[in-house]
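Spelled out from the first residue to the last, the chains are:
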Amino acid sequence: MRGRMIMNIARYLTEKIDGGTVHITLIDPMKQSPEVAGRLALTAQEVGSDLILVVGLSGLAQRNLLDTAISIREKTSIPLVYSPAGAEAVCFSFDAFLFSCLLNSRNAGFISGGQSQAALLLKRMEVETISVGLLMVEPGLKTGEASNVDLIARDNHWQAASYAAAAELFGMHYVYLEAGPNSAQPISAAMIRAVKKELSIPLIVGGGIRTAVDARRVRQAGADVVVTGTVIENAGYRERLRSILSALKD
Ligand code: 1GP
């Protein structure tokens, strides 16, 4: 059963980052039942993941979100955060909300439109929000297509660093470099280094991180926070996740 603690998630993350690289386990509620989502989150916690991030993509049903949040909360005690796409599905069984702006989308709905639908609700509920400047890098895959992104080329380090610097100047708390869920490879170490060099806010990196080698490379290049999703959906996920965690935390 989840030992419930009122916690400031921004402070929790800052302290964790000060102590090393943070790992986030991403769960898409549309990919499995709430029961299974709870079990996956428990495994993530057992192998040392620092936080569970539930993503609300278009088409997510309110009921599914609620049941997934309840199931994860019942089984885990690490922070549980929700990243809503808008106001289509929102529930307040979370410790904080990621308030993300997809900076390189061509569609204003992904930059501020969806966010504005949820903003007043989040303010009135007085929940903690953490603002994130999200940057989609090649290949982007389905998520990149669905969000009509002007993808940053894998080797265009200057463009990635420029967007990241803009996020910082906008006052965002984090920059998130995303290669797209299930990407064949993670963001390159060279791009991570180039972005990190220009930033004084923490850097999150995700997409295509499957192995300890990937995780170590991303960490050594300068990622403060590493996000994995797909790895937990496949057979043998406990061991895979365990080796990713040891590459991040050793
Ligand atoms: C995290 O969206 C990604 O940033 C998830 O990517 O599924 O490839 O781990 P993977």
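The structure contained in this document is the topic of the report that follows. (Residues numbered from 1 in each chain as written. Predicted model: local features only at pLDDT ≥ 70, side-chain atom pairs only at ≥ 80, totals over all residues. Heavy atoms only, no water.)

Some remarks on the packing of aromatic side chains
Each aromatic ring pair is described using two quantities: the centre-to-centre distance and the angle formed by the ring planes. The condition is simple: Whether two aromatic rings pair depends on their centres lying within 6.5 Å, for rings of Phe, Tyr and Trp, where Trp uses its six-membered ring; planes under 30 degrees apart make the pair stacked, over 60 edge-to-face, and the rest tilted. For the purposes of this entry, the term helix denotes a DSSP run of H or I that reaches at least four residues, the term strand denotes a run of E that reaches at least two, and both are numbered from the N terminus. Burial classes: relative accessible area under 20% of the type maximum marks a residue as buried, over 50% as exposed, and values in between as partly exposed (1.4 Å probe, protein chains only).
The full count for this structure, using the stated rule, is four aromatic pairs. Ring centres 6.0 Å apart and planes at 75° place the aromatic pair tyrosine 82 and phenylalanine 97 in the edge-to-face group. In this pair, tyrosine 82 sits in strand β3 (residues 80–84) while phenylalanine 97 sits in strand β4 (residues 96–102), placing the two residues 15 residues apart along the sequence. Tyrosine 82 sits in the buried class, given a relative accessible area of 1%. Ring plane angle 65° and centroid distance 6.1 Å describe the contact between phenylalanine 94 and phenylalanine 97, whose orientation is recorded as edge-to-face. The buried category is assigned to phenylalanine 97, whose relative accessible area is 0%. Connected via pairs of aromatic rings, a cluster forms that spans Tyr82, Phe92, Phe94 and Phe97.

So, the pairing of strand β5 (residues 129–136)
Quick reminder of the rule: Here, any two strands with at least 2 DSSP bridges between them count as paired. By convention, a crossover is right-handed whenever its connection, traced from the first strand over the helix to the second and viewed with the strands pointing away, goes clockwise.
With respect to burial, β5 is a largely interior element, seven of its eight residues being buried. Pairing geometry for β4 and β5, over six bridges, is parallel. The partner of cysteine 101 across the bridge, within β5, is glycine 133. Taken together, β4, helix α4 (residues 108–124) and β5 constitute a β-α-β crossover, and its handedness is right-handed. Inspection of the sheet shows β5 paired to strand β6 (residues 174–178) by five bridges, in the parallel sense. From the neighbouring strand, methionine 136 faces β6, where its bridge partner is glutamate 178.

Topic: the nonpolar core
So the rule is basically this: Take the buried Ala, Val, Leu, Ile, Met, Phe, Trp, Tyr and Cys residues and link them wherever side-chain atoms come within 4.5 Å; each set so joined is a nonpolar core. Any two residues whose heavy atoms approach within 4.5 Å are treated as being in contact.
In this structure, Ile52, Phe94 and Leu177 are the most contacted members of the largest nonpolar core, which totals 57 residues. Once residues within four sequence positions are removed from consideration, leucine 177 is found in contact with Leu135, Val137, Ile187, Met191, Ile192, Val195, Leu203, Ile204, Val205 and Gly206.

Quick look at the sheet that holds strand β8 (residues 225–228)
Put simply, the test is: Every axis corresponds to a line fitted to the C-alpha atoms, with the helix fit spanning only the stretch in contact, and the corresponding angles, defined between N-to-C directions, vary from 0 to 180 degrees.
Spatial ordering of the closed barrel is given by β1-β2-β3-β4-β5-β6-β7-β8, a layout of eight strands whose pairing is parallel. Strand-to-strand twist of the sheet, defined as the mean angle between neighbouring strand axes without regard to direction, takes the value 30°. Along the sheet, α4 makes contact with β4 and β5, crossing β4 at roughly 155°. Its contacts with the sheet place helix α9 (residues 237–249) against β1 (22–27) and β8, and it is angled at close to 150° to β1.

What to know about the environment of lysine 16
Tracing the backbone through its elements, the reader meets lysine 16 in helix α1 (residues 9–19). Put simply, lysine 16 and aspartate 224 are 208 residues apart on the chain and 9.4 Å apart in space, counted from C-alpha to C-alpha. Residues within four places of lysine 16 in sequence aside, it is in contact with Val22 and Asp50.

Things to note about the pattern of salt bridges
To keep it simple, the criterion reads: Each salt bridge in this description consists of a side-chain nitrogen of Lys or Arg and a carboxyl oxygen of Asp or Glu lying within 4 Å of one another.
Tallied over the entire structure, the rule returns 14 salt bridges. Between glutamate 35 and arginine 39 there is a salt bridge, and its shortest N-O distance comes to 3.5 Å. In this pair, glutamate 35 and arginine 39 are both assigned in helix α2 (residues 34–47), four residues apart and thus about one turn of the helix distant. Here arginine 39 falls in the partly exposed class, since its relative accessible area comes to 44%. Two residues, glutamate 198 and lysine 197, come together in a salt bridge whose shortest N-O distance is 3.7 Å. For lysine 197, a relative accessible area of 66% corresponds to the exposed category. Where salt bridges share partners, they join Lys16, Asp50 and Lys249 into one cluster.

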